[in-house]
Amino acid sequence: LSRYHTDFHEIKQIGMGNFSCVFKVLKRIDGCLYAVKHSTRQLHQDAERRKALMEVQALAALGSHENIVGYYSSWFENEQLYIQMELCDQSLSISRSCQLFTEGEVLQVLHQIAKALQFIHERGIAHLDVKPDNIYIKNGVYKLGDFGCATLIDKSLPIEEGDARYMPQEILNEKYDHLDKVDIFSLGAAIYELIRGSPLPESGSRVLNLKEGKLPLLPGHSLQLQNLIKVMVDPDPVRRPSAKELAENPIFDRVLRNAA
Ligand code: ATP
Ligand code: MG
Ligand code: MG
């Protein structure tokens, strides 16, 4: 008997990751829409299961926050891990949307994801896969999702590294002392990509520039924002702002005034 098919009516596939696929579903008993993600491979070994379970254990331990994709439940079925989550409208993946973000929108993304990072860092968890593809939007609210690489900050050892394009040099050098600051670098790289309007290359000089803290100026955006991104991707993790410092930066007063 399948819990998935008993409890949910599958509407359509909405996403495909490296090791999982995601469906839009209707929960029969409450009549509401959800996203259900399940692994595409069978998790035979204990080690594989334990790794997959990090995602749901992090989500469950964190509790809910407006800027984090909501988590409802999880279960094993046919050796696959199923995760029932809040259904979002779309992710910010540049490669798919090729959409240019205005400075106001970018400041909203930065502020809201900084608040999500402050929340998870205060609870001892680092995300380690912050990138536009893992930032979702629902009813105009930005939400951090995909906790598949999340780990304990003070364990100083990532379970699985996220997308290399958004990883700072210290992770590529296997130095894991400031995992919270890895998320700050990744968010800086993601925001840089959003204002640049085209995906960061897999390798090459621009990535190198970013990792060396030298980023080319982008016309049409305030120096205030570009300087903030610059400290976020500083090669020295200690010099990057904490998520709390970031969320409280006066640059966001403008956003909040406009929203009020
Ligand atoms: P990755 O290869 O990025 O690690 P993954 O296997 O961890 O992928 P996710 O990133 O969680 O999987 O999801 C894959 C895709 O499914 C996303 O890029 C997105 O398009 C879609 N998706 C995932 N979760 C949701 C959600 N809650 N609401 C709407 N769409 C979602
Ligand atoms: Mg993802
Ligand atoms: Mg993932």
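Residues numbered from 1 in each chain as written. Chains lettered and ligands numbered in written order. Predicted model: local features only at pLDDT ≥ 70, side-chain atom pairs only at ≥ 80, totals over all residues. Heavy atoms only, no water.

1. Some words on the site of ligand 1
Here comes step 1: As a structural note, the neighbourhood of ligand 1 is formed by 20 residues, with Ser20, Lys37, Glu86, Cys88 and Asp146 the closest of them.
Here comes step 2: In this structure, an oxygen atom belonging to ligand 1 sits 2.4 Å away from a side-chain N or O atom of Ser20.
Here comes step 3: Residue Glu86 places a main-chain N or O atom 2.8 Å away from a nitrogen atom belonging to ligand 1.
Here comes step 4: Elements supplying a minimum of two residues to the shell around ligand 1: β1 (8-16), β2 (20-27) and β3 (33-39). (Near = heavy atom within 4 Å. Polar contact = N/O pair within 3.5 Å; in protein donor to acceptor, adjacent residues only side chain to side chain. Helix = DSSP H or I, 4+ residues; strand = E, 2+ residues; numbered from the N terminus.)

2. Describing the coordination of the magnesium ion (ligand 3)
Here comes step 1: On the protein side, the magnesium ion (ligand 3) has Asp146 (OD) and Asp146 (OD) as donor atoms, found 2.3 to 2.4 Å from it.
Here comes step 2: A separation of 3.9 Å is found between the magnesium ion (ligand 3) and the magnesium ion (ligand 2), which are bridged by Asp146.
Here comes step 3: Position of Asp146 relative to the elements: it lies in the loop between β9 (141-144) and β10 (151-152). (Donors = N, O, S within 2.8 Å, 3.2 Å for Na, K, Ca; no water.)

3. A closer look at the pattern of salt bridges
Here comes step 1: Counted by the stated rule, this structure contains 12 salt bridges.
Here comes step 2: Between Glu55 and Lys37 there is a salt bridge whose closest N-O contact spans 3.2 Å. In this pair, Glu55 sits in helix α2 (residues 46-62) while Lys37 sits in strand β3, placing the two residues 18 residues apart along the sequence.
Here comes step 3: In this structure Glu55 comes out as buried when scored by relative accessible area, which is 9%.
Here comes step 4: Linking Glu248 and Lys244 is a salt bridge whose minimum nitrogen-to-oxygen distance equals 3.2 Å. (Salt bridge = Lys/Arg side-chain N within 4 Å of Asp/Glu carboxyl O. Buried < 20%, exposed > 50% of the residue type's maximum accessible area, 1.4 Å probe, protein only.)

Purely geometric stuff here, so don't read any function into it on its own.
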